[in-house]
Each structure stands twice: as structure tokens, then as C-alpha cells.
Amino acid sequence: MLPTHLRRLACVDGEVTLRFDGEAAATQRLLLDALEAGYPMLRGTLRDQATGRRRALVKFFACGEDVSFDPPDTPLPSMICTGAEPFLIVGAMAGG
């Protein structure tokens, strides 16, 4: 699931469904690679294009857990891989 401003940028109304090769374990890196491949207008919005690091004001959640600081090649929970739970991409709150 994408935040509203990224759904508008990608021209999608609701959830985005991604397909993975059954051979490889789904990871944050593979998920974001697939998202950016399917929606190239999102490149650079979630990760820095040069370093591949997550943007500071973007958070990732899997099964209710903040996985923003997990290594990008850590396998995602099976509930995410099967589509039973969404992988959430959230714009972090900033300001005061």
C-alpha cells in the first residue's frame, strides 16, 4: 500500500499488487525493485537512486512491525509474500 501522494504519482487508485519469482525469497529490495520497475515514476521517491538507501521520511511496515531499518535483503514475512497482509509504505510525520 502506498501513501496517497505516491498513489497519485503512480496513477493507481488502491493497493498495488506485485508478482515475484517463486525461486527467490521476497525481500524489501526485491519488492521495491519490482515496484519501481512497474511504476518508474516512483524511482527516487522511496530510495536514493545512487545509494539505494531508504529516504529518511519514508517508513516500511510488514505485519504491523516497522521494518524500515531492517537490512534490505532480509526475507519478508510469509504473510506479506502470500498477500494475506499488505506491505505498507508510509510517509513519516515531520515538523512540530
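Treat the numbers as computed from the prediction; the structure is a model and nothing was measured. (Residues numbered from 1 in each chain as written. Predicted model: local features only at pLDDT ≥ 70, side-chain atom pairs only at ≥ 80, totals over all residues. Heavy atoms only, no water.)

**Q** Which residues make up the nonpolar core, and what are the values?
**A** Among the nonpolar cores identified, the biggest contains 19 residues, and Leu2, Leu32, Leu35, Leu46, Phe60, Phe87 and Ile89 are the most heavily contacted of them. In this structure, Ile89 is in contact with Met1, Leu2, Pro3, Leu32, Leu35, Leu46, Val58, Lys59 and Phe60, ignoring residues within four places of it in sequence. (Core = buried A, V, L, I, M, F, W, Y, C linked by side-chain atoms within 4.5 Å. Buried < 20%, exposed > 50% of the residue type's maximum accessible area, 1.4 Å probe, protein only. Contact = heavy atoms within 4.5 Å.)

**Q** How would you sum up the environment of Leu35? Please name residues and give values.
**A** Looking at where Leu35 falls in the secondary structure, it is placed in helix α2 (residues 28-38). A relative accessible area of 3% places Leu35 in the buried class. Residues Leu35 and Lys59, spaced 24 residues apart in sequence, show a C-alpha to C-alpha distance of 15 Å. With residues up to four places along the chain from it excluded, the contact list for Leu35 reads Leu2, Val16, Leu18, Leu42, Leu46 and Ile89. (Helix = DSSP H or I, 4+ residues; strand = E, 2+ residues; numbered from the N terminus.)

**Q** Which residues make up the sheet that holds strand β2 (residues 65-66), and what are the values?
**A** On the basis of which strands lie adjacent, the open sheet formed by three strands has the order β2-β1-β3 and antiparallel pairing. Looking at strand neighbours, the two that pair on one side only are β2 and β3 (87-91), the edges of this open sheet. When strand β1 (residues 58-62) meets β3, the two strands line up antiparallel, connected through five bridges. Residue pairing across strands places Ala62 opposite Phe87, the latter belonging to β3. Those strands touched by α2 are β1 and β3, and its axis lies near 75 degrees from that of β3. (Pairing = 2+ DSSP bridges. Axes fitted to C-alpha atoms, helices over the stretch in contact; angles between N-to-C directions.)

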